[in-house]
Amino acid sequence: KNEVEQSPQNLTAQEGEFITINCSYSVGISALHWLQQHPGGGIVSLFMLSSGKKKHGRLIATINIQEKHSSLHITASHPRDSAVYICAVRRGTSYGKLTFGQGTILTVHP
Amino acid sequence: KAGVTQTPRYLIKTRGQQVTLSCSPISGHRSVSWYQQTPGQGLQFLFEYFSETQRNKGNFPGRFSGRQFSNSRSEMNVSTLELGDSALYLCASSLGGQAETQYFGPGTRLLVL
């Protein structure tokens, strides 16, 4: 079993819909990252969380340390949000080392 | 500030050859991490360098090696290339503390024939 599991693996939505991507992990962590990867490969870091909730524009990320679970929400989705969203965790004192989920492919149709 | 840069962006090699990839971090960043991304295995951690020292290493064979220079630029080398080494190789930089955002470069796409 992977240390980091994401669901769903694929997600299709209509423009304007509210989207949720989930991430569960099985190890103790010091931080959890949400990343966005567009076709062509470039990765952008969206959030880094160690507790609670963060918001940036239409994106909201939450984490529940006790339940080892995080969610990424996109409000009022737009076709430009189409990308792969990747959850990654940093364990303890593992400087620089991220362990990744398999990614969620999001497609938003106009 | 300029972002993380990687060179070359694309590379074609044949089995048995070796390859060197370069990563220039954001100015002031002292940590550089390397990752391999393949369709089958997804993203996997290779190694991380901080102040010219390897601080962390993933589960890759010894054919994969790296180094970091005094200006924080980093190189990774893969010797005796295998077909399975075809992948997107990404580097990411950060200031070097424990819980920091990593900034990713555009990647080097390596094809081994």
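Just above, that's the structure.
All residue numbers refer to positions counted from 1 along the written sequence of the respective chain. Numbering of ligands from 1 and lettering of chains from A proceed in the order in which they are written. Per-residue local features are limited, in this predicted model, to residues with pLDDT of at least 70; the limit for side-chain atom pairs, both in listing and counting, is 80 or more; totals at the level of whole chains, interfaces and linings are taken over all residues. Remark: hydrogens and water are excluded; side-chain values derive from all non-hydrogen atoms of the structure.

**Overview of the state of the cysteines**
Cysteine sulfur atoms are paired as a disulfide whenever they come within 2.5 Å of each other. Applying the stated criterion across every chain yields a total of 2 disulfides over all chains. Put simply, Cys-23 of chain A and Cys-87 of chain A are joined by a disulfide, and their sulfur atoms are 1.9 Å apart. Every disulfide takes its handedness from the sign of the S-S torsion; for Cys-23 of chain A and Cys-87 of chain A that torsion is -60°, giving left-handed. Highlighted residues: Cys-23 of chain A in strand β3 (residues 19-25) and Cys-87 of chain A in strand β9 (residues 83-90), separated in sequence by 64 residues. Judged on exposure class, the residue Cys-23 of chain A and its partner Cys-87 of chain A are both buried. Sulfur-sulfur distance for the disulfide between Cys-23 of chain B and Cys-91 of chain B comes to 1.9 Å. Of note, the bridge from Cys-23 of chain B to Cys-91 of chain B carries an S-S torsion of about 75° and is right-handed in sense. Of this pair, Cys-23 of chain B sits in strand β3 (residues 19-24) while Cys-91 of chain B sits in strand β9 (residues 87-94), placing them 68 residues apart in sequence. Take Cys-23 of chain B and Cys-91 of chain B: they sit in the same class, and that class is buried. Secondary structure follows DSSP: runs of H or I at least 4 residues long count as helices, runs of E at least 2 residues long count as strands, and numbering of each begins at the N terminus. Only protein chains enter the calculation, and the probe is 1.4 Å; a residue is then buried if its accessible area is under 20% of its type maximum, exposed if over 50%, and partly exposed in between.

**Topic: the sheet that holds strand β8 (residues 69-74) of chain A**
The strands making up a sheet are joined through hydrogen bonds of the backbone, oriented either antiparallel or parallel. Residue and element names in this part refer to chain A. Paired strands, as defined in this entry, are two strands with at least two bridges between them according to DSSP. What the 5 strands build is an open sheet, ordered β1-β3-β8-β7-β6; its pairing is antiparallel. A strand with exactly one partner marks an edge of an open sheet, and here the two such strands are β1 (4-7) and β6 (52-56). Taking the axes of each pair of neighbouring strands and ignoring which way they run, one obtains an average angle of 15° across the sheet. The sheet contact formed by β3 and β8 spans 6 bridges and is antiparallel. Note that in β8 the partner of Asn-22 across the bridge is Ser-71. Only C-alpha atoms enter the line fits that serve as axes; for helices the fit covers just the stretch in contact. Angles between N-to-C directions range over 0 to 180 degrees.

**Describing a nonpolar patch on the surface**
A patch consists of residues exposed above 30% relative accessible area that lack any salt bridge, with like charges linked at up to 9 Å and nonpolar side chains (Val, Leu, Ile, Met, Phe, Trp, Tyr) linked at up to 5 Å. Per-residue accessibility takes into account occlusion by the displayed protein chains alone, with areas from the Shrake-Rupley method and a 1.4 Å probe. We count a salt bridge whenever a side-chain nitrogen from Lys or Arg sits within 4 Å of a carboxyl oxygen from Asp or Glu. Together, Ile-12, Leu-111 and Leu-113 of chain B line one region of the surface with nonpolar side chains, adding up to about 300 Å² of accessible area. Here Ile-12 of chain B shows up in strand β2 (residues 10-13).

**Topic: the pattern of salt bridges**
Overall, the coordinates contain 7 salt bridges over all chains when judged by the stated rule. Across the pair Glu-3 of chain A and Arg-91 of chain A runs a salt bridge whose closest N-O atoms are separated by 3.1 Å. Of the two residues, Glu-3 of chain A sits in the segment before β1 while Arg-91 of chain A sits in the loop between β9 and β10 (99-100), which places them 88 residues apart along the sequence. Between Glu-75 of chain B and Arg-67 of chain B there is a salt bridge whose closest N-O contact spans 3.3 Å. Taking relative accessible area as the criterion, Glu-75 of chain B reaches 17% and is therefore assigned buried. One network of salt bridges, in which partners are shared, links Arg-63, Glu-82 and Asp-85 of chain B.

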